[in-house]
Amino acid sequence: MKPTRTVDTDLLAEELRRALRGHGQFVDPLRAVDALDWKLAGETPPGFEHSALQLLAHMVYWQDRYLARLAGQDAPTPPHDSEGWPGPVAPASEREWLDVVDEFRRGLAAAETAVGAAPLGDTGPTLAGKTRLGTLNGLALHNGYHAGQVVQLRKVLGSWPPPGGGDTW
């Protein structure tokens, strides 16, 4: 017999919001790109496969797909992972870099709003059998993973921590 589980949905929602914005061992993904010089955002030092711009554009790509699915829109997984890495290696200008950062910021705010938009246990045809909780958690984990890559890249480029500080271990 399965034990009965009770879940405090307010607590789950708060934890999801914290996961989306980084807490504990995860850096806030916006902090990972905070005050990064646009020229450094296009650098790919030895040992790194992607620049910060590529990583952030990849995060935007998947964040937008997660959000579309949560909104009931069809956003299938592309047939090859290369489609999830849009755009150039380096920004052509500071404005181009800041536009990608702003796009990510807007999507992250939309994800935080999506936490309370419907019951976390809901499923739907666009969620591929996952719950809203699972979908939002997947988004938070994906962002957290790649934000860590951005931090490592910034460390190698001598651009971490940002002006406001950040973990340096």
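Residues numbered from 1 in each chain as written. Predicted model: local features only at pLDDT ≥ 70, side-chain atom pairs only at ≥ 80, totals over all residues. Heavy atoms only, no water.

Draft legend 1. Quick look at the nonpolar core. Formed by 37 residues in total, the largest nonpolar core has its most connected members in Leu 20, Leu 56, Trp 97, Phe 104 and Leu 136. Of all the elements in the fold, those that place two or more residues in this core are helix H1 (9-20), helix H2 (29-33), helix H3 (52-70), helix H4 (94-115) and helix H5 (132-156). It is H3 that contributes the most residues to this core, 11 residues altogether. Discounting residues that sit within four places of it in the chain, Leu 136 has contacts with Leu 16, Leu 20, Leu 70, Ala 111, Ala 114, Val 115 and Leu 120. (Core = buried A, V, L, I, M, F, W, Y, C linked by side-chain atoms within 4.5 Å. Buried < 20%, exposed > 50% of the residue type's maximum accessible area, 1.4 Å probe, protein only. Helix = DSSP H or I, 4+ residues; strand = E, 2+ residues; numbered from the N terminus. Contact = heavy atoms within 4.5 Å.)

Draft legend 2. Expanded view of the packing of aromatic side chains. Scanning the model with the defined rule gives 1 aromatic pair in all. Plain terms: the ring middles of Tyr 61 and Trp 62 are 5.4 Å apart, the flat faces sit at 80 degrees to each other, and that makes the pair edge-to-face. Classification of Tyr 61 as buried rests on a relative accessible area of 17%. (Phe/Tyr/Trp six-rings, centres within 6.5 Å; stacked < 30°, edge-to-face > 60°.)

Draft legend 3. Focus on H4. With 22 residues, H4 extends 32 Å between its outermost C-alpha atoms, agreeing within 8% with the 32 Å of an ideal straight helix rising 1.5 Å per residue. Considered for burial, the residues of H4 that qualify are Trp 97, Val 100, Val 101, Phe 104, Gly 107, Leu 108, Ala 111, Ala 114 and Val 115. On an axial view of H4, the arc spanned by its buried residues comes to 135 degrees, and they lie on one face. The exposed set on the far side of H4, more than 90 degrees from its buried face, consists of Arg 106 and Thr 113. Where H4 is buried, its residues contact H1, H2, H3 and H5. (Expected span 1.5 Å × (residues − 1). Arc of directions from axis to C-beta.)

Draft legend 4. Molecular detail of the environment of Leu 67. Here Leu 67 shows up in helix H3. Note: C-alpha distance between Leu 67 and Ala 111 (44 residues apart in sequence) is 6.7 Å. Ignoring anything within four residues of it in the chain, the contact list for Leu 67 reads Gly 107, Ala 110 and Ala 111.

Draft legend 5. Seen up close, H1. Between its first and last C-alpha, H1 extends 16 Å over 12 residues, near the 16 Å set by a 1.5 Å rise per residue. Summarising the contacts, the buried residues of H1 are in contact with H2, H4 and H5. Where H1 begins, the side chain of Asp 8 points an oxygen toward the backbone nitrogen of Asp 10, at a separation of 3.0 Å. After H1 finishes, the residue Gly 22 shows a positive phi value of roughly 75 degrees. (Polar contact = N/O pair within 3.5 Å; in protein donor to acceptor, adjacent residues only side chain to side chain.)

Draft legend 6. View of the side chain of Arg 65. Its location among the elements puts Arg 65 in helix H3. Buried charge without a partner: Arg 65 forms no salt bridge, and the closest opposite charge is Glu 83, 6.9 Å away. (Lys, Arg positive; Asp, Glu negative; His and termini not counted. Salt bridge = Lys/Arg side-chain N within 4 Å of Asp/Glu carboxyl O.)

Draft legend 7. Region of interest: the packing of H3 against H4. Viewed as axis vectors pointing N to C, H3 and H4 meet at an angle of 30 degrees, and their least axial separation amounts to 9 Å. As far as their axial angle goes, H4 and H3 are roughly parallel. In the packing of H3 onto H4, the handedness of the crossing is left-handed. Where H3 abuts H4, its residues Ala 52, Leu 53, Leu 56, Ala 57, Met 59, Val 60, Gln 63, Asp 64, Leu 67 and Leu 70 lie against Glu 96, Trp 97, Val 100, Val 101, Glu 103, Phe 104, Gly 107, Leu 108, Ala 110, Ala 111 and Ala 114. The residue makeup of the contact of H3 with H4, split by class, is 16 nonpolar, 2 polar and 3 charged. (Axes fitted to C-alpha atoms, helices over the stretch in contact; angles between N-to-C directions. Parallel < 35°, antiparallel > 145°, perpendicular 65-115°, else oblique. Left-handed = near helix turned anticlockwise from the far one by under 90°. Nonpolar A, V, L, I, M, F, W, Y, C, P; charged D, E, K, R; others polar.)

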